[in-house]
Amino acid sequence: MKENSFKSLQKEQEAEFEKKSALIKKKINSETSAFRFFGDIIDLYFSKMTDVFVALAGGGETVDDEELEAAE
Amino acid sequence: MINLLFPLLTRDIPGTMPDEDVIKEYLKTQNSAYFDVLYKRYSGKIYGKSISLLKNEAKAADATQEIFMKILLNLSKFSGKSRFSTWIYSITYNFCIDLIRREKKDPSILVDDISRSHDKEEDVNDSFLLEMKVKRLKVILEEIPTMDKSILLMKYQDELSIKEISEMIAKSESAVKMKIKRAKQKFRKTYKEIYKED
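Computed from a prediction, not measured in an experiment: that's the story for all the values here. (Residues numbered from 1 in each chain as written. Chains lettered and ligands numbered in written order. Predicted model: local features only at pLDDT ≥ 70, side-chain atom pairs only at ≥ 80, totals over all residues.)

A separate point is the overall build of chain A. Helix and strand counts for chain A come out as two helices and zero strands. Counting only residues that meet the buried cut, chain A has 10% of its 72 residues in that class. (Helix = DSSP H or I, 4+ residues; strand = E, 2+ residues; numbered from the N terminus. Buried ≥ 20, exposed ≤ 12 C-beta atoms within 10 Å, placed from the backbone.)

Dropping the structure here:
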């Protein structure tokens, strides 16, 4: 059976894309790497930053009631 | 040795693995090999649609890159209600149509042609479009309005059902049928104008 002309056009365009495929993939990979890098940075430092803000706001390590009684 | 150290990096992913499983594994492992499978399966198709709609190689290449980034960033939102191919084609059509709209290159894109009447014209046989030479098909697709082209690509290239198209373009099924009918009529009219001698 003869192939649908729209499908043949798609095949032609896919073959045309072969030449550009590697370059576009490289660009996507570098973009995703950049996203991952910034994600890791946020992951790594954001939790620490929260601790810093808590400490600056007067918060800190929790003290047990027993420790408080002993100190008194 | 490398197989023992990095089993995920070197593991062969069967080409027949269904899209949904590839996505699940990618989301679970973030292993780029799974992304490579999706890229191999769909990048050419996305590029083809982009070039048909945008009519420019460089823009189509940039669009393919941006569409793939969108797909990657929204992969976790894919619910599996539709086929994965339908989902990514929907992103592709919306992206390209938005781009054309922003550049205001095709004024017909702003008009909902459901109001324009060509009802008296006879229906165009599918075989007229499907048995056409690819070279001529390319020429006609270059000439007809973006919305007509999109709907014909959805129907005859992506082989989407009326229901799938109606969900994709947020119109009723009867509106989709009417749009297809009119797009085919416009296609034939353009063909007759260009290839008068036939």
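To continue, consider the overall build of chain B. A tally of regular secondary structure across chain B gives eleven helices and zero strands. Listed N to C, the secondary structure of chain B is α-α-α-α-α-α-α-α-α-α-α in terms of helices and strands. Of all 198 residues assigned to chain B, the portion counted as buried reaches 33%. Summarising the internal contacts of chain B: among those between residues at least 6 apart in sequence, 65% fall at separations of at least 24. (Contact = placed C-beta atoms within 7 Å.)

The next thing to look at is the interface of chain B and chain A. Listed by partner, the interface residues are 23 residues for chain B and 20 residues for chain A. Breaking the side of chain B that touches chain A down by element, the ones donating at least two residues are α4 (32–54), α5 (57–74), α7 (126–130), α8 (134–143) and α9 (146–157) of chain B. Among the elements that line the side of chain B that touches chain A, the one with the most residues is α4(B), at seven residues. Here the residues of the side of chain B that touches chain A are counted per class, giving 14 nonpolar, six polar and three charged. (Nonpolar A, V, L, I, M, F, W, Y, C, P; charged D, E, K, R; others polar.)

Let us look at the domain arrangement of chain B. All names here are of chain B. Assigned domains within chain B: domain 1 (14–103) and domain 2 (110–194). Of note, the centres of domain 1 and domain 2, computed from C-alpha atoms alone, are 23 Å apart. Opposite the eleven residues of domain 1 that make contact, domain 2 presents ten residues. Sorting the residues of the side of domain 1 that touches domain 2 by element identifies α4 and α6 (84–103) as the ones contributing at least two each. With six residues, α6 is the largest single contributor of residues to the side of domain 1 that touches domain 2. Taken together, the residues of the side of domain 1 that touches domain 2 break down into five nonpolar, four polar and two charged. (Domains from an automatic or database assignment.)

Residues and elements named next belong to chain B. At Y42, α4 is deflected by roughly 40°, the largest bend along its length. Along α4, 17 of the 23 residues are buried, which leaves the element largely enclosed by surrounding structure. Directly beyond the C-terminal end of α4, a positive phi value near 55° is found at K55. (Bend = angle between axes of the 7 residues up to and from the residue.)

To continue, consider unusual backbone geometry. Residues and elements named next belong to chain B. Even without being a glycine, K55 presents a positive backbone phi close to 55°. Take K55: it is sitting in the loop between α4 and α5. C-beta crowding within 10 Å serves as the criterion here: with 16 such atoms nearby, K55 is assigned to the partly exposed category. Its identity is not glycine, yet A170 carries a phi of approximately 55°, on the positive side. The topology assignment puts A170 in the loop between α10 (162–169) and α11 (173–194). Classification of A170 as exposed rests on a count of 7 C-beta atoms within 10 Å.

This part is about the environment of D126(B). By the element assignment, D126(B) lies in helix α7. Separated by 46 residues in sequence, D126(B) and G80(B) have C-alpha atoms that sit 31 Å apart.

Residues and elements named next belong to chain B. Interaxial distance between α8 and α11 falls to 10 Å at its minimum, and their mutual angle equals 110°. Judged by the inter-axis angle, α8 sits roughly perpendicular to α11. For the pair α8 and α11, the sense of crossing is right-handed. For the pair α8 and α11, the contacting residues are V139, I140 and E143 in the first and F187, T190, Y191 and I194 in the second. Grouping the constituent residues of the contact of α8 with α11 by class yields five nonpolar, one polar and one charged. (Axes fitted to C-alpha atoms, helices over the stretch in contact; angles between N-to-C directions. Parallel < 35°, antiparallel > 145°, perpendicular 65-115°, else oblique. Left-handed = near helix turned anticlockwise from the far one by under 90°.)

In the predicted model, chain B carries a mean pLDDT of 87, and the fraction of residues at 70 or more is 84%. Predicted complex metrics record ipTM = 0.83 and pTM = 0.79. (pLDDT = per-residue confidence, 0-100.)

This part is about the packing of helix α3 (residues 19–29) of chain B against α4(B). In a pair of packed helices, the angle between the axes and the distance between the axes together describe the arrangement. All names here are of chain B. Between α3 and α4, whose axes approach to 8 Å, the crossing angle comes to 145°. Here α3 and α4 pass one another in a crossing that is left-handed. Taken together, the residues of α4 that come into contact with α3 (itself represented by V22, E25 and Y26) are Y34, F35, V37 and L38.

Proteins that are soluble and globular tend to have nonpolar side chains buried together. Residues and elements named next belong to chain B. L54, A60, A63, I67, I88 and C96 are the most contacted members of the largest nonpolar core, which totals 27 residues. Top contributing element to this core by residue count: α4, with ten residues. Here A60 is in contact with Y47, S50, I51 and L54, once residues within four sequence places are set aside. If you look at the next biggest cluster of nonpolar residues, it comprises 20 residues, including L137, I140, M168 and F187. (Core = buried A, V, L, I, M, F, W, Y, C linked by C-beta atoms within 7 Å.)

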